[in-house]
Amino acid sequence: RAALGGVDRGNSGVVRRVGAETVNGLGGECDKCALTQQARRLGDGGWGWFSGNGEVSYAHTTATVVRGLQIAVKNEIPIVPDVIARGVAWLEQYQNRELLKLKNGAIKPTPTQPYKSQPDNTDALVFHVLSLADRVNPEMQQFLYEGRQHLSVYGKSLLAWSTHKAGNVDQTTMLRQNIEQFLSL
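Residues numbered from 1 in each chain as written. Predicted model: local features only at pLDDT ≥ 70, side-chain atom pairs only at ≥ 80, totals over all residues. Heavy atoms only, no water.

Visitor: In this structure, what is going on with the packing of helix α4 (residues 121–132) against helix α5 (residues 138–146)? I would like to understand it.
Guide: Between two packed helices, what matters for the description is the angle formed by their axes and the separation of those axes. Where α4 contacts α5, the two axes come as close as 11 Å, and the packing angle between them is 140°. If you check the angle between α4 and α5, you find them oblique. Pair α4 / α5 crosses with left-handed handedness. Here α4 contributes Asp123, Ala124 and Phe127 to the contact with α5, which in turn contributes Met140, Gln141 and Leu144. Of the residues that constitute the contact of α4 with α5, the class distribution is four nonpolar, one polar and one charged. (Axes fitted to C-alpha atoms, helices over the stretch in contact; angles between N-to-C directions. Helix = DSSP H or I, 4+ residues; strand = E, 2+ residues; numbered from the N terminus. Parallel < 35°, antiparallel > 145°, perpendicular 65-115°, else oblique. Left-handed = near helix turned anticlockwise from the far one by under 90°. Contact = heavy atoms within 4.5 Å. Nonpolar A, V, L, I, M, F, W, Y, C, P; charged D, E, K, R; others polar.)

Visitor: Is there a simple way to explain the packing of aromatic side chains in this structure?
Guide: To describe a pair of aromatic rings, one takes the distance between the centres and the angle between the planes. Taken as a whole and assessed by the stated rule, the structure comprises one aromatic pair. Note on Trp90 and Tyr94: the rings are 5.8 Å apart at their centroids and 10° apart in plane angle, and the pair reads as stacked. Within this pair, Trp90 and its partner Tyr94 are both found in helix α3 (residues 81–105), separated by four residues, close to a single helical turn. A relative accessible area of 7% places Trp90 in the buried class. A cation over an aromatic ring shows up here: Arg97 above the ring of Trp90, its NZ or CZ 6.0 Å from the ring centre. The residue whose ring lies beneath Arg148 is Tyr145, and the NZ or CZ to ring-centre distance is 4.2 Å. (Phe/Tyr/Trp six-rings, centres within 6.5 Å; stacked < 30°, edge-to-face > 60°. Buried < 20%, exposed > 50% of the residue type's maximum accessible area, 1.4 Å probe, protein only. Lys NZ or Arg CZ within 6 Å of the ring centre and 35° of its normal.)

Visitor: Would you mind showing me how to read the nonpolar core here?
Guide: Side chains of nonpolar character tend, in soluble globular proteins, to be buried together. Core analysis: the largest hydrophobic core is formed by 20 residues, its most contacted members being Val66, Leu69, Leu91 and Val126. Of all the secondary-structure elements, those providing two or more residues to this core are α2 (59–74), α3 and α4. In this structure, Leu99, Tyr145, Ala160 and Ile179 belong to the second largest nonpolar core, which totals twelve residues. (Core = buried A, V, L, I, M, F, W, Y, C linked by side-chain atoms within 4.5 Å.)

What follows is the structure, given as structure tokens:
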């Protein structure tokens, strides 16, 4: 354990803290980092790029912080209970706004404002983090799947992870094929 810096991978391979204190103090650093991120949450439940007056929440930053806090909880790092819930709620509101844009963009012959014609990698990241919180929106999943050609390999991977978690074998299989075409052996 000392060689791993006070963490234990256990039988599952998941890194866990070992006790309240670790050999090199990693536990204290993790706790401090988690507290810092919780304190930087904005009033609307999201996180921005910087902290301070005039800051606004961003989807990518909020999704990244919520994902980190989800991992912290799994590793028994104390998190204020409503912090993740409020972040998830912010992400759901964001996703609903983006879903409306996608629906508006599908209106033919002239899309209704505001609209966008295809999902993007931020949509995939937000969908993924929400799926890990058991908040899957089937309509967004379908838009992401149908527009997967516009996602990066990373975006496709996040979507595949989410469809796998949801038990959608057909979508997961197709996404895996889409991803594997970029692998070189």
